[in-house]
Amino acid sequence: MHHVVPKATYYHVSVWLAVLLALTVAAAQFDLGGWNVPLALAIAIAKATLIVLFFMHVRYGSPLLKLFAAGGFLWLLIMFAFIAADVLTRAPIGSG
Amino acid sequence: MSSSTAHLAHHFDDVEQQYDAAQLGMWLFLATEVLFFGGLFAGYALYRYWYPEAFVVGSHRLDLWLGGINTAVLLASSLTMALAVRAAQTSDSRGTANFLGWTILLGSVFLGVKAYEYHHKFEERLVPGRNFSLSEKGDKSNFPDRDGSSSTANGKLDLSPFSPGHVELFFSFYFALTGLHATHMVIGIAILVVLVVAARRGTFSADYFTPVEITGLYWHFVDIVWVFLFPLLYLIR
Amino acid sequence: MTNSPADGRNYLNADYRFRSWLLSTDHKRIAVLFMISVTMFFFVGGAAAVLFRLELMSPRGDLVIAETFNKLFTLHGVVMIFFFLIPSIPAVLGNFLLPMMIGARDLAFPRLNLASWYIFMTGGVLAVGAIVIGGADTGWTFYTPYSSTYSNTNVVVMALGAFVAGFSSILTGLNFIVTIHTMRAPGLTWFRLPLFVWAHYATSLIMVLGTPVVAITLLLVALERGLGIGIFDPKLGGDPILFQHMFWFYSHPAVYIMVLPSMGVVSEIVTCFSRNRVFGYRFIAYSSLAIAVLGFLVWGHHMFVSGQSIYAGMIFSFLSMFVAVPSAVKVFNWTATLYKGSVSLETPMLYALGFIGLFTLGGLTGLFLATTAVDVHVHDTYFVVAHFHYIMVGGAVMGYLGGVHFWWPKITGRMYPEWWGRLSAGIIFIGFNLTFFPQFILGYLGMPRRVHEYVDEFQVLNVMSSAGASILGVGYLIPLAYLIWSLRYGAKAGDNPWGAQGLEWTTQSPPTTFNFPETPVVEREAYAYDVDPATGHAAGSA
């Protein structure tokens, strides 16, 4: 009835998570200018994706489930995007 | 009489429907959690964009190794949780109880480390509110004025000017984010304890493991929140 | 054909013990619990309105001092929005009807449903408690830094009341979405669903995706006041506009939570009382989803003069124009449904028609407000107050009353007195317009909102508005009286007194606890009003 994920898959994913964690810490030791934050986020997203797909079984789920799993993050992006649209375009008081 | 129908609620037609409903329901709840935490992340993003130097100062006051160990502990607990679900799926009651137990243990270690960190922060007077003060013995970052224009007052520091008020903002986010996260951990552990008791009674099997699975989803989500918190709070360099 | 057991048992008399009501997981009983609760909150919020409309009859502040006035409108907003408008149709009519409309025995998570009511009541106790210990004076919008730092009133308790009530909303929405996805009867495809269900699905999406954001926002205000963990405090570099972004990210979609269910009710009523299939079923269904999605993209139109960037204001203004389109689609389609229909003007239909007219007016004035250049002048004036009351009262409340009357025979097994129903609908319509139309003019002339004093020139219009409010109040009290009266003395209702289409009308009135003795199989589309139920063919054919 339900897909049983092999233990090996879980161990495999865990190794990758550990590698990505080490990468996270290592990357923070270098000053990459404006790229530090996107890099840290990209690694975090990679970890989160592994957890969602394998530990949370979304890889083996229905399309509806995948939609629900993605939905919250998508909506969060809307909030980020429009707040950014305000904050990034504010002019200093007294100008224009 | 199959054991699966013993757990079938009266308003569902079959176990399959009940299981699907439980899964969808938990994912919807997790979506609400994404937005709940997300509001805090949005605020964090705004202030980090505006006050980068203050956030660097704040982040340096956190112990990166404790944070890293905690991250590893939580990732391990996700593994044990996934294995617990798998054990329930394969009707392995002992395995289920054992792996749930490991998850509780690892989660508790996480909370223990966090408690230690909080205590330390309180002693360092970095808790926002009346307690907050940036000065510390031997610490060069002792700014008497709060308007952030004091680089000339303390030319020894490499950092560009920042305001202690902004650093206090950083710590507001630190405590709000990790505090909310820890609250979710506590609730998660409480649910896991209930599940361990049920697992030892042989409640779960291949026909009925839904509570373990959906608790697993919740647990993994809380882990994911931390996966984002760690670099964003501890690793601003 | 009825489904009634011979012994006359139904969900109301299945168990008479008090605890059988307080511990019930039957969605119909929980709906009744909600109905009683929201009615109480409605009259609490209404009482506050009576007081401040009395104050506003004269230009000087003579009835209450300024701080009290501020507490009154805060109370009115918090209670009406969080404890009446948001829960009313979903938690009362949605809870009662949704499972029945899809042929199910209950919602997906009956215990969560009961928890939702208890959480709602807890929030209510906190909010009313805040009122009793002295109230809060921030307005229902809790703007920082006034709410987080400078107000000397009971902001934390009031905010926590709204925070807790939000979880009730989230659980309801979650329950509805899962139910609609997993528990539809065989043959009931998505496009055979009643539009009431589509409306509640869209509403539930908003509840689930939006409410958590206002929850964290209010929690942060409470933390800032209580523990000093401040992120909105300007002294620390905090940004009050951040609060507004986070607050309105929910609170704008929240207005669609308040109005979408009403639209669902209107779809049901208009089809039944014009004996017609609905015009453009798919368009109405899709428009509900469109409103839900677009509603999340426009919140900055509440913030044009707040200090957000002009560029962001332009984007929000532009997008706000689009959100009017799906609502307009619905209004056109309802009108087309009426066309060449066999229209009868029973009480529910009067409310539905009232909705269509008043919502349209309110919606059009929303376009004025979405136009930045106009909004700069009328923001924070009575123009805004009139706009949203046309939608919330002329729209949402009338939809709620129409729905309560339409499904009253199903819920209670009794008919209300029709003549009194029509009379109160008329009184409400007149009272409502007299109350709120003058407020458009007042706003246009420049009277600010949330003020207890005003210049003498505004008095005539204010007196008209207050007079209208008293008529409106009477209009609301009459149904309260006759609906309660009908529980004992109303004519007993049959299964389907309106001859309406819909699975809920195939059950007895009131229904049995489990709704259907066996799960129905659906073979027809919704609103098959021109189909003869006996033959399955178009009525009048051989």
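Every chain begins its residue count from 1, and numbering advances along the sequence as written. As a convention, the first chain written is A and the first ligand written is 1, with the rest following in written order. For a predicted model such as this one, the threshold for reporting local features is a pLDDT of at least 70, and the threshold for listing and counting side-chain atom pairs is 80 or more; totals across whole chains, interfaces and linings nevertheless cover every residue. Hydrogens are left out, water is left out, and the side-chain values use all remaining heavy atoms of the structure.

Draft legend 1. Up close: the nonpolar core. Here, nonpolar core refers to any group of buried Ala, Val, Leu, Ile, Met, Phe, Trp, Tyr and Cys residues whose side-chain atoms link them within 4.5 Å. Accessibility here uses a 1.4 Å probe with only protein chains present; expressed as a share of the type maximum, an area under 20% marks a residue as buried, one over 50% as exposed, and anything in between as partly exposed. Core analysis: the largest hydrophobic core is formed by 297 residues, its most contacted members being Trp-27 of chain B together with Trp-407 of chain C. Ranked by residues supplied to this core, first place goes to helix 9 (residues 240-274) of chain C with 21 residues. Helix and strand definitions follow DSSP, with helices as H or I runs of at least four residues and strands as E runs of at least two, each counted in order from the N terminus.

Draft legend 2. Region of interest: the environment of Ile-411 of chain C. With respect to the secondary-structure elements, Ile-411 of chain C resides in helix 14 (residues 382-412). Not counting the four nearest positions on each side in its chain, Ile-411 of chain C is found in contact with Tyr-11, Leu-12, Val-32, Met-35, Leu-93, Phe-96 and Pro-510 of chain C. Every residue pair with non-hydrogen atoms within 4.5 Å of one another is taken to be in contact.

Draft legend 3. Quick peek at the interface of chain A and chain C. At the interface, 13 residues of chain A touch 20 residues of chain C. Where chain A abuts chain C, roughly 1,500 Å² becomes buried across the two surfaces, and 81% of that area is made up of carbon and sulfur atoms. Just to be clear on terms, a salt bridge is a Lys or Arg side-chain nitrogen sitting within 4 Å of an Asp or Glu carboxyl oxygen. Across the contact surface, chain A and chain C share 1 salt bridge. Among the salt bridges present, the one from Asp-239 of chain C reaches Arg-90 of chain A, with a minimum N-O distance of 3.3 Å. Under this definition, polar contacts are N or O atom pairs within 3.5 Å; protein pairs additionally need one hydrogen-donor-capable and one acceptor-capable atom, and for neighbouring residues in sequence, both atoms have to be side-chain atoms. Taken together, chain A and chain C are joined by 4 residue pairs in polar contact (both at pLDDT 80 or more). Note that Gly is not counted as nonpolar here; it falls among the polar residues with everything else outside the nonpolar set of Ala, Val, Leu, Ile, Met, Phe, Trp, Tyr, Cys and Pro and the charged set of Asp, Glu, Lys and Arg. Classifying every residue of the side of chain A that touches chain C gives 8 nonpolar, 3 polar and 2 charged. Simply put, the buried area is the total loss of 1.4 Å probe accessible area from both parts when two parts are fitted together.

Draft legend 4. The arrangement of the interface of chain B and chain A in detail. The interface of chain B with chain A comprises 47 residues on the first partner and 43 residues on the second. When the two sides are added together, the surface that chain B and chain A hide from each other amounts to roughly 3,900 Å², 82% of it contributed by carbon and sulfur. It is Trp-27, Arg-86 and Ile-224 of chain B in chain B that bury the most area against chain A; as a group they hold 16% of the surface buried on that side. For the pair chain B and chain A, the number of links is 0 salt bridges. In this structure, the connection of chain B to chain A is made through 4 residue pairs in polar contact (both at pLDDT 80 or more). For the side of chain B that touches chain A, the secondary-structure elements that each account for two or more residues are helix 2 (15-50), helix 4 (64-89) and helix 7 (210-234) of chain B. At 19 residues, the largest contribution of residues to the side of chain B that touches chain A is made by helix 2 of chain B. Counted by class, the side of chain B that touches chain A contains 32 nonpolar, 9 polar and 6 charged residues.

Draft legend 5. Region of the structure containing unusual backbone geometry. Residue and element names in this part refer to chain C. Cis geometry is found at the peptide bond from Thr-144 to Pro-145, where omega equals -5°. Tracing the sequence through the fold places Pro-145 in the loop between helix 5 (110-132) and helix 6 (146-150). Of note, the phi angle at Arg-275 is positive, near 50°, even though the residue is not glycine. Within the secondary structure, Arg-275 sits in the loop between helix 9 and helix 10 (281-294). If you check the backbone angles, Arg-450 has positive phi at about 60° while not being a glycine. Mapping Arg-450 onto the fold places it in the loop between helix 15 (418-445) and helix 16 (459-489).

Draft legend 6. Spotlight on the packing of helix 4 (residues 88-101) of chain C against helix 9 of chain C. Residues and elements named next belong to chain C. Only the contacting stretch of a helix is used when fitting its axis, a line to C-alpha atoms as for every element, and angles between N-to-C directions run 0 to 180 degrees. Interhelical geometry of helix 4 versus helix 9 gives an angle of 50° and a closest axis separation of 11 Å. As the angle between them shows, helix 4 and helix 9 are arranged oblique. Judged by the twist between their axes, the crossing of helix 4 over helix 9 is left-handed. Note on element contacts: helix 9 touches helix 4 through Pro-261, Ser-262, Val-265 and Glu-268, opposite Ile-89, Pro-90, Leu-93 and Met-101. For classification purposes, angles smaller than 35 degrees are called roughly parallel, those larger than 145 roughly antiparallel, those between 65 and 115 roughly perpendicular, and all remaining angles oblique. Working rule for handedness: look at the near helix, and if it is turned counterclockwise from the far one by less than a right angle, call the crossing left-handed; if clockwise, right-handed.

Draft legend 7. Here's a closer look at the confidence of the model for chain C. Here chain C averages 94 in pLDDT, and 96% of its residues register 70 or above. Per the prediction output, this complex has pTM 0.93; the corresponding ipTM is 0.92. Per-residue confidence from the predictor is reported as pLDDT, which spans 0 to 100.

Draft legend 8. Here's a closer look at the pattern of salt bridges. According to the stated counting rule, one finds 12 salt bridges over all chains in the structure shown. If you follow the salt bridges from partner to partner, you end up with Asp-86 and Arg-90 of chain A together with Asp-239 of chain C in one network.

Draft legend 9. Spatial organisation of the packing of aromatic side chains. Residue and element names in this part refer to chain C. Only Phe, Tyr and Trp rings take part, Trp by its six-membered ring, and two of them pair if their centres are within 6.5 Å. Stacked means planes under 30 degrees apart, edge-to-face means over 60, and tilted covers everything else. All told, the structure shown has 72 aromatic pairs over all chains when counted by the stated rule. Ring centres of Phe-69 and Phe-73 lie 5.9 Å apart, and the angle between their planes is 70°; on these two criteria the pair is classed as edge-to-face. With a gap of 4 residues between them, Phe-69 and Phe-73 both fall in helix 3 (residues 66-85), about one helical turn apart. Grouping residues by exposure puts Phe-69 and Phe-73 together as buried. We call a charge positioned above a ring when the Lys NZ or Arg CZ atom is no farther than 6 Å from the ring centre and deviates by at most 35 degrees from the ring normal. Against the face of Trp-21 rests Arg-29, its NZ or CZ located 4.2 Å from the ring centre. We note Arg-282 situated over the ring of Phe-191; from NZ or CZ to the ring centre the distance is 3.8 Å.

Draft legend 10. Layout of the side chain of Thr-203 of chain C. Residues and elements named next belong to chain C. Tracing the chain through its elements places Thr-203 in helix 8 (residues 195-227). Of the residues examined, Thr-203 reaches a relative accessible area of 1% and is grouped as buried. Beyond its immediate chain neighbours, meaning those up to four positions away, Thr-203 contacts Pro-90, Ile-257, Leu-260 and Pro-261.

Draft legend 11. Fine view of the side chain of Thr-74 of chain C. All names here are of chain C. Position of Thr-74 relative to the elements: it lies in helix 3. In this structure the side chain of Thr-74 is engaged in a polar contact, spanning 2.8 Å, whose partner is the backbone nitrogen of Gly-139. In contact with Thr-74, other than residues within four places in its own chain, are Ala-136, Asp-137, Thr-138, Gly-139 and Trp-140.

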